[in-house]
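# Notes for the structure review
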Amino acid sequence: MHDTLAISRRNALWGLVPALIVLLLFFSAFGIFFLSSLQASGEAGGLTMAHYARYLGSPSERDVLWRTLWISTELTLGSLIIGYPMAYVIVRSASSGWRRFLMLSLVVTFLSGTVTRAYAWLIILGNSGLINTFLRKTGFTDAPVHLIYNETGVFISLLHFVLPFFVLTMMAPLKNISRSLEDAAVNLGASRWRSFFLVTLPLSVPGIVAASSLTFAVALSSFLFPLVLGGGRVRMAANAIYELIFTRFDLPLASAGATVFLVLSLFFVWVFGMLQRAVQLGPSVRQQ
Amino acid sequence: MGAMKKGVSLTIDAVCKSYGDVQVLKRIALDIEGGKALTLLGPSGCGKSTLLRIIAGFVRADAGDVRLDGQSILPVPPNRRETAMVFQSYTLFPHMSVIDNVTFGLKMRQVGRSQALQRAAEALEMVKLSHLADRYPSQLSGGQMQRVALARALVTEPRILLLDEPFGALDKNLREEMQVELRKLQTSLGVTSVCVTHDQQEAMVISDYIAVMNDGQVAQFGTPLDIYDTPQSEFVARFMGGSNIVRADVIKTQESRCALQVGDGRAFQAYAGASAMVSERKAVALAIKPRALQIMDMPPEGAHVNGCMTVSGVVSNQVLLGDSIAYEISLPDGNSLLAEVARDRGTGIHPVGKSVWLYAPGEACVVLEDGINA
Amino acid sequence: MRADFTIYSRSFFMLALLAALFLLLPVVFIFLYAFHTGAYFSLPPEGFSLRWFYSFFGNERFRQAMWVSIGIAAIVTPLSLLISVPTAYSLVRGQFRGRELLNLFIMSPLIIPGVVTGIAFLIFMSALGIGPGFIALVLALTCFTLPFAVRALVANMHGLRPELEEAARNLGASEASVFRHVVLPQLRPGLLAGGTFVFVEAIDNFSITVFLTTMDVTTLSVESYGYIRDFDDPTVAAMAAVLVVFSVILVLIMGRVVGLDKMFRVE
């Protein structure tokens, strides 16, 4: 940054006052929340780690954590497989018509609300919904295919939710890969696919890591879609915490669980950050 | 490097291309024999890059044909045409070392590893960069990168070498150095090449033939000297630079010669050119090189100015160029002419404001056609 | 006019198209379903009807929820933007130790799962004696949406040409002046993009709002969730249709004003 553009430290700090107030508010809320996880139950008061022991010791809670990590990984991979071609075509398309159509589908998805989409999936995937009715009428099946109130429905609806995050984050890094590089590869004899695997893909890796990082983080904190589409059978971490408060009324355990979950999320943010730095420094990939 | 294939001839036959309503190329026809260097020269938007990309296979022509050694290459996909290209910038694969970049084309052609490495080493030797084989593009300067790009293209022994403004991103001195090197490489290897540029200086250095393009058509085709000395239209004269353009009245025409008069100077004869357009016109544009103009203190008389164009004017500016002096002379009709005169110890410098007479032999005055060669 | 060589293969293009159709499926479906005569899905559809729109607008609780949601968004959006502008400016143009760390903190609400934020605020608000309700919702959502706005504005500011600010400084303008007259006018794309995300999130958020609503104060998202659970007719579809149309119009208008490409590059 040019030194001439820098503003004085005083002004900079004053400018941050509103944000600092917000942060104060935010972290106070968390402070109290965090404290409640350490509070010993009973009148004795004082701090204890017992709730953490309970949480981490409970096989069902641990199972929820594993499941959350696993589904988030599947979702990230799914977004990569479907989302990368979409981002690539948007960036490289010569036809502005198709490009606008693809972008439109992304924008519309963002604007269409989450509860409404969850409801839409219930009807589309339900036993007497769009897909099953279609299959029945065309004679493919007699019995309904169970697509909701199980992991399938949760996965489909979540994939739909996280996909735009992946695609939008993937577009900028792809745009930074100069088209001449791909043209040069073809010009030197590579087929489209070889040009993709030998030139485009290696150069997209940092972008893929960045997009995956965001997608994974969003997937981890899923709450609504497992709630609506899971029928109580699919609990991800956020749902488990919700239940601990509103069904089991065990606030200390819930906040212990939330803290563990938070640490886990931050851990993965850190891991992805390390990964991104590793792929950026590895080969000397500085765009000319 | 091994024996280069004998130079491949290139024929561009009535190629047309439109994007939507805009016609980018209008029936382009060009022909060069093998081993020659053709430059497509013109301002941006004239279609030269599009034509190059049609040869490379990235753009599909709407009509017409492109033939190498008589055989059409249009049905061949771009990765099989053997038309290696050097791009303007962002050319080297940043995630591969220099040697991996250079062997890339050979890898695509299933050349064995040891043979590929040997050929790549020879190619790098040719561009004098053997010592950088294990570096990465981010560690190279702009000039070094373009040299590697050249080696990468040439190592595949292409039938045609294509260059898209290859030195545009380099600074002036480096550019001139690279132009000379490119010319040397091209002639020693005997590879047919097509280069796109907007810099007429560059075109002069590197070409056997120049096709000056404007608005989707070839304005003039010929050797660099032909085009420089004898521009056929005002566009070409202005684009190539270095010519005065002066209006002359037509007194009479007779077959291929015509009698002209500039301002109120003497009548003189000039070659009217191949087309018969002149006979229908009252005035033409003339291109005269500054060095062809002589300056005199008094109205030109005598035998030595027989058959010369003459005109009178006033000195409005003088620039000392070292071995010569450039004078700007204002004419009565408001236009001005540039005259470049060798500086003798003997003759003085004409001061600003002095009335002078200019004269130039009739042969040095090139009649410009109005329109562009179709 | 013949098509030029494309760098991606047909199968890539098909995958991209499939992805787009997948994305559009629920939105288009719910939009059409809103006009369905019957209360349950049937193929072929029973007929065209506006009854569910009447049902939605006629529903007392939905109407109330709509006003609450609009009210919250109307307060949170300008508030968030107002706070984010000086924040983004200080983050981008300021030079002080701990800037990176501060940036991380400001962005942190995005990483923390909504449920956790919701519960934390519930406890906090109760501890403060405010309890769940309108104020709690405004505070929580402002905190949560601030990173969206800051991120959009920071991206906008990174793209500004430094020469304009330098020239102003050169001519003697004070920092405040430079900000007001040179930087602020250029922030339109960032404000619009940030504002859109904040507005959409404020109306649509579920995971935080579900903890902070009360019997009297609910938002559209929480109310519709309850409705889905208890009933099963297309009233919610009608609500969805209205929201989608409204949002699309909003984005189209802003796209005209600023340019859609610019808006999404800002993201």
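No experiment lies behind these values; they were computed from the predicted model shown.

## With respect to helix α3 (residues 113–126) of chain B
Residues and elements named next belong to chain B.
- The end-to-end C-alpha distance of α3, which contains 14 residues, comes to 20 Å, matching closely the 20 Å that a straight helix rising 1.5 Å per residue would cover.
- Among all positions in α3, only Ala116, Arg119, Ala120, Ala123 and Leu124 are buried. When α3 is viewed along its axis, its buried side chains cluster within an angular range of 140° and face the same direction. α3 presents Ser114 and Glu125 as exposed residues on the side facing more than 90 degrees away from its buried surface.
- As for α3, its buried residues are in contact with α2 (98–108) and α4 (142–154).

## Remarks on the environment of leucine 163 of chain B
Residues and elements named next belong to chain B.
- Along the chain, leucine 163 falls in strand β7 (residues 160–164).
- Take leucine 163: its relative accessible area is 1%, and that puts it in the buried class.
- In the structure, leucine 163 is positioned 34 residues away from threonine 197 in sequence and 8.7 Å away in space, judged by C-alpha atoms.
- The residues contacting leucine 163, other than those within four sequence positions of it, are Leu52, Val86, Leu150, Leu182, Ser193, Val194, Cys195 and Val196.

## Some words on the pattern of salt bridges
- Under the defined criterion, the tally for this structure stands at 24 salt bridges over all chains.
- We note a salt bridge from arginine 54 of chain A to aspartate 250 of chain A, for which the minimum N-O separation is 2.9 Å. With arginine 54 of chain A in helix α2 (residues 50–57) and aspartate 250 of chain A in the loop between α11 (237–246) and α12 (251–281), this residue pair connects regions lying 196 residues apart in the sequence.
- Since its relative accessible area comes to 15%, aspartate 250 of chain A is described here as buried.
- In this structure, the salt-bridge partner of arginine 67 of chain B is aspartate 13 of chain B, at a minimum N-O distance of 3.1 Å. A residue pair is termed long-range when its members are at least 10 positions apart, and arginine 67 of chain B in strand β4 (residues 63–68) and aspartate 13 of chain B in strand β1 (residues 10–19) qualify at 54 residues.
- Several salt bridges converge on common partners, so that one network encompasses Asp13, Asp65 and Arg67 of chain B.

Conventions and cut-offs
Residues numbered from 1 in each chain as written. Chains lettered and ligands numbered in written order. Predicted model: local features only at pLDDT ≥ 70, side-chain atom pairs only at ≥ 80, totals over all residues. Heavy atoms only, no water. Helix = DSSP H or I, 4+ residues; strand = E, 2+ residues; numbered from the N terminus. Expected span 1.5 Å × (residues − 1). Buried < 20%, exposed > 50% of the residue type's maximum accessible area, 1.4 Å probe, protein only. Arc of directions from axis to C-beta. Contact = heavy atoms within 4.5 Å. Salt bridge = Lys/Arg side-chain N within 4 Å of Asp/Glu carboxyl O.

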